[in-house]
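The primary structure of each chain is shown beneath.
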Amino acid sequence: MKHLNILMVDDHPIIIEGYQNVLMATKEADQTLLIDTANNCDTSVIMIERASKGTPYDVCFFDISLPASEDGKYTSGEDLALLAKKLLPNSKIVILTMFNESFRIHNIIKEIDPDGFLIKSDLTSMELADAFQQILYSPPYYSSTVNSYVKKTFTSEIYVDDVNRKILHLLSQGIKTKSLKEHIPLSTSALEKRKKQLKLLFSITDGKDETLLQEARDKGYL
Amino acid sequence: MKSILLGLLVIVVKLSYSQSANENVLLDSVSSLINNSEKNDYTDLEQFNFLITANSLAEELKSDSILLITEKKIRGYYFNNQDITGYIKSNQKIKLLAEKLNDSSSLAHAYNALGYAYFLNDIKDSSYYYYSKAVKAFDHINADIDLSYSLGSLSKLQLDGKDYYGAGESAVKALRLLNDIEETNDIQDQKWILYNTLASISEALDDDEQSLEYYSEAYEVAQRMKNDFNNSIYTLNNIAFVKRKQEKYNEAIKIFNNILDNNNLYEEDPSFYALILENLAFTNFLNSSSQKNEIIKMFERSYTIADSINDDITKMGTAISMAKFYIGIDENQNALNKVKIAYNLAKNLESNEIRLESLLLLSKLNEDKESEKYLNEYIKVADSLLKVERGVRNKHARIELQTDQLEAENKQISKENVYLLILSIGLLLTAILIYVVISQRAKNRKLKLIQVQQKANEDIYNLMLGQQDKVDEARAKEKTRVSEELHDGVLGRLFGTRLSLDSINFKDGKEAMMTRAKYIGELKTIEEDIRKISHELNTDFVLGSGYMDIVTELIENQGQAYGIQNEFNYTDDISWDLVTNKTKINIYRIIQESMQNIYKHANANTIKISISLEKDVICLDIMDDGDGFDTAKNRKGIGLKNMTSRVEDINGSIDFTSQSGNGTTVNVKIPYTNQLT
């Protein structure tokens, strides 16, 4: 009999319920699952800290968008994942998120390097079950969207740094160039320069933002 | 024959003139007439007639310059024929023409000629007048030689009038002018004349040494001359005369004898020969060196020569000298005879000096009553002479004074003219400057006003743009909110439900059915949520609020600042997006201006403002409960004027209703339908 301590963090109880339903239905015969759940950052932090002192979690599931902690220290699943990595070095970290933009994916892989990275829209119950088992024995597991992103960026020769990625991301969300400085701590002229560089990088000849975004999307940067 | 030809020519000329009236033909005729007048084929009279015809043609031509030329030719004719009256007349005409044409050279020559003519006519004062004019005129055009001649003539006239000082000055000036001039025979002659004049002046002043010096200068000049017209012997005579006066009789006699030794003198100039003889005789008598008979012989010879050539002057001189001689040797009867001859000649010749001398001798030679008679006559003549002399000198002085005064006056007038010109130019410039400054200032003021208004309008426009930005921002925020709601709320729950439903596939039986029903219910809730979001999306919460928000803010801020209660009602029927910015800006400004006026002048407690739409007309009403004003009187205030012009600018109308104490209502009507233009 194998005991697995699991933490599931999501702000929608119905999603946690879904996870539980799937995992309970598909677990191996010798596995016993002990699942803790949390709906916000504060509860999660308490649980992670408690686990670090007592029985550590074997697997932690984190959603990205979560109600922030009251003291404002933790604002998303990313922060929680980093905390868990620090306090529970042996536990497997799984990110489950609705976000499927390349920028987010890139950042999460870079910052957290999770054992499992699943985009919710990719997910079926079968895939979740498979992922769970693979994470336990041979991590990492990336769902199809993440996989295709990783493949694309590995094959691409274009190097885009984080700030430029963020610029591309913000532009793709319809933020105007002059408002970019409200999101990135750079001057407008510096941002303009970076945009010009990006356009050179992606060989944009007509100078239009739209073409840049299209090209970035094609190359998997968005 | 010649006169017929002349007549023909005149007829031809007249004909050609009347037929063609061509000026060129006339000119040709004039020049051919002048040419003819210079040909020696014609008699003087014929030549003169040519000139007269030419002159009348020139008059018809009305060309003063041609008239001047013909007139000069006529003058030349008069001069050659010694018709002095004609000469004077012609010169007067030339003078007028030259004045008209501003021909200073011709004018100066005309003056000079007139001076000469009057001198010949013995009208000394007129002569003096014209010579002094000529001097001024020649001096003005720097004609040195002509000036020198005029000055010489003037000097002689002055000497005649016993104005020795003036005469000396004129002669010296005339001489100086000739210093740098090349010495032709004529110039030398003029110099000789001038030296003689100077010597005469000195003589008259009893400065014999000076006189001798001038004479020796004159003699030198005469010696240099190629053709001296006997100038040197005349000078020698003069020198001898002075020597005699100085009682150097021997020297005088030597000189006289030298002159008489000159070959051909008697043939060339018998009058002068007679004069020298007389002089020699008289000097011999004074010297008492010669025999009485010899002296008488010389006198007689001189007298006979003078008589034979009708030279009354020499005859007179000889007679008076003989009379003195006879008195000297006590032959009173002979003396009386000669004196009477001299007296009569002097009276005829108007030679006053000799007349006086002879009168004195007569009174000496006669006795008692007869003597007294001559003495009285002497005194009378001497007196009248003195008077004449004084008169002449006075006249000269007067003429000089007059010309000087005239000149000074002219100078003064031209100076005044210059001042007047400068003054008027200055005034004109000042006027122009003032006009420019004033107009520029007015322009500047206008421009500044326009600038200020533009700035205000811009501010409002920016305000409106800012409001638009705010609206856009709010819209964007709303979009994000909806997106997040969809993403986190609906999508999450949908995912959870899907996953759970999926997991139920692993189970079956009744429990599974129950669970499925539960999730299907969950789906229904999600459906409801989506409908709600969709509904929220459908209603644009910011629609149409932009402009009215700005106005509301203005009214609130202004009211707060002024401490006046305010009330603002507006209709949502007006779609402000369709209203032009110009109209919106003007409505804003009118409200602003009104509130300012109310604060400044009305002492109001509350303001009611309303914007409504009535029959496609935007009605803006601003009411206050202040003092009010007399609408008839205060129409012209800048605030009201501004508001009126603003309303007119957007094709609206404005109405002020007010009664003292009852507050004021401003009613603005702006068409709504033409806003799309």
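Calculation rules
Residues numbered from 1 in each chain as written. Chains lettered and ligands numbered in written order. Predicted model: local features only at pLDDT ≥ 70, side-chain atom pairs only at ≥ 80, totals over all residues. Heavy atoms only, no water. Helix = DSSP H or I, 4+ residues; strand = E, 2+ residues; numbered from the N terminus. Buried < 20%, exposed > 50% of the residue type's maximum accessible area, 1.4 Å probe, protein only. Contact = heavy atoms within 4.5 Å. Areas by Shrake-Rupley, 256 points an atom, 1.4 Å probe, with all protein chains shown as cover. Buried area = accessible area lost by both parts, 1.4 Å probe. Salt bridge = Lys/Arg side-chain N within 4 Å of Asp/Glu carboxyl O. Nonpolar A, V, L, I, M, F, W, Y, C, P; charged D, E, K, R; others polar. Axes fitted to C-alpha atoms, helices over the stretch in contact; angles between N-to-C directions. Parallel < 35°, antiparallel > 145°, perpendicular 65-115°, else oblique. Left-handed = near helix turned anticlockwise from the far one by under 90°. Pairing = 2+ DSSP bridges. Expected span 1.5 Å × (residues − 1). Patch = residues over 30% accessible without salt bridge, like charges linked within 9 Å, V, L, I, M, F, W, Y side chains within 5 Å. Lys, Arg positive; Asp, Glu negative; His and termini not counted. Charge placed at Lys NZ, Arg CZ, Asp CG, Glu CD. pLDDT = per-residue confidence, 0-100.

Caption draft 1: Examining the overall build of chain A more closely. When its secondary structure is counted, chain A shows nine helices and six strands. Counting the 222 residues in chain A, one finds 49% classified as buried. Of the contacts made within chain A by residues no fewer than 6 positions apart, 65% connect residues no fewer than 24 positions apart. Just so you have it, chain A exposes about 10800 Å², and 51% of that area is on carbon and sulfur atoms.

Caption draft 2: View of the interface of chain B and chain A. In this complex, chain B contributes 18 residues to the contact, which on the side of chain A involves 20 residues. Buried area between chain B and chain A, both sides added, is near 1600 Å², and the carbon and sulfur share of it is 66%. In terms of surface lost to chain A, no three residues of chain B exceed Phe-495, Leu-499 and Phe-506 of chain B, which account for 34% of the buried area on that side. Summed over the shared surface of chain B and chain A, the result is one salt bridge. Where Lys-518 of chain B meets Glu-17 of chain A, a salt bridge forms, and the shortest distance between an N and an O atom there is 2.6 Å. Those elements that provide at least two residues to the side of chain B that touches chain A are helix H20 (368-504) and helix H21 (510-538) of chain B. Grouping the amino acids of the side of chain B that touches chain A by side-chain chemistry returns five nonpolar, seven polar and six charged.

Caption draft 3: Representation of the packing of helix H17 (residues 312-328) of chain B against helix H19 (residues 352-365) of chain B. All names here are of chain B. In the contact formed by H17 and H19, the axes pass within 11 Å of each other and the chain directions differ by 30 degrees. Judged by the angle between their axes, H17 and H19 are roughly parallel. The hand of the H17/H19 crossing is left-handed. Here Met-316, Ile-320, Ala-323, Lys-324 and Ile-327 of H17 come into contact with H19, specifically with Ile-354, Glu-357, Ser-358, Leu-361 and Leu-365. Residues belonging to the contact of H17 with H19 are distributed by class as follows: seven nonpolar, one polar and two charged.

Caption draft 4: How the structure looks around helix H4 (residues 102-111) of chain A. Residue and element names in this part refer to chain A. What H4 keeps buried is the set Ser-102, Phe-103, Ile-105, His-106, Asn-107 and Ile-108. Residues of H4 that are buried sit in contact with helix H3 (77-87), strand S4 (92-97), strand S5 (116-119), helix H6 (144-155) and helix H7 (162-172). Two residues or fewer past H4, Asp-113 is found with a positive phi of approximately 45 degrees.

Caption draft 5: Up close: the sheet that holds strand S1 (residues 2-9) of chain A. Residue and element names in this part refer to chain A. Taking strand neighbours across the sheet as the criterion, the six strands line up as S2-S1-S3-S4-S5-S6 in an open arrangement whose pairing is parallel. A strand with exactly one partner marks an edge of an open sheet, and here the two such strands are strand S2 (31-38) and strand S6 (141-142). As paired strands, S1 and strand S3 (residues 59-62) are joined by four bridges and run parallel to one another. Bridging across to S3, Val-9 finds its partner in Phe-62. Seen against the sheet, helix H1 (residues 13-26) touches S1, S2, S3 and S4 and runs at an angle of roughly 175 degrees to S2. Contacts from H4 reach S4, S5 and S6, with the element oriented near 165 degrees to S5.

Caption draft 6: Main features of the environment of Gly-521 of chain B. You can see Gly-521 of chain B is positioned in helix H21. Along the chain, Gly-521 of chain B and Thr-497 of chain B lie 24 residues apart, while their C-alpha atoms are 9.9 Å from each other.

Caption draft 7: A look at helix H11 (residues 208-224) of chain B. Spanning 17 residues, H11 of chain B covers 24 Å between terminal C-alpha atoms, matching the ideal 24 Å at 1.5 Å per step. In this fold, the buried residues of H11 of chain B make contact with helix H10 (185-204) and helix H12 (231-245) of chain B.

Caption draft 8: Representation of the pattern of salt bridges within the structure. Residues and elements named next belong to chain B. Taken as a whole and assessed by the stated rule, the structure comprises 21 salt bridges over all chains. In this structure, the salt-bridge partner of Lys-243 is Glu-251, at a minimum N-O distance of 3.0 Å. The salt bridge involving Lys-455 is made with Asp-459; its shortest N-O contact spans 3.5 Å. A residue pair is termed a helical-turn pair when its members lie 3 or 4 positions apart in one helix, as Lys-455 and Asp-459 do in helix H20 at four residues. According to the relative accessible area criterion, Lys-455 is partly exposed, its value standing at 49%. Given a relative accessible area of 40%, Asp-459 falls into the partly exposed group.

Caption draft 9: Structural detail: a negative patch on the surface. Together, Asp-207, Glu-209, Glu-213, Glu-217 and Glu-220 of chain B make up a negatively charged patch on the protein surface. Turning to its location among the elements, Asp-207 of chain B is positioned in the loop between H10 and H11.

Caption draft 10: Molecular detail of the packing of H10 of chain B against H11 of chain B. Residues and elements named next belong to chain B. Close contact between H10 and H11 brings their axes to 8 Å; oriented N to C, the two are set at 165 degrees. Relative to H11, the element H10 is oriented roughly antiparallel. The two elements H10 and H11 cross, and the hand of that crossing is left-handed. When H10 is examined against H11, the residues Gln-188, Lys-191, Trp-192, Tyr-195, Asn-196, Leu-198, Ala-199, Ser-200, Ser-202 and Glu-203 are found in contact with a partner set consisting of Gln-210, Ser-211, Tyr-214, Tyr-215, Glu-217, Ala-218, Val-221, Ala-222 and Arg-224. Of the residues assigned to the contact of H10 with H11, the class counts are nine nonpolar, six polar and four charged.

Caption draft 11: Molecular detail of the confidence of the model for chain B. Per-chain confidence: chain B averages 82 in pLDDT, with 94% of residues scoring 70 or above. For this predicted complex, the interface confidence score (ipTM) comes to 0.70, while the overall pTM stands at 0.43.

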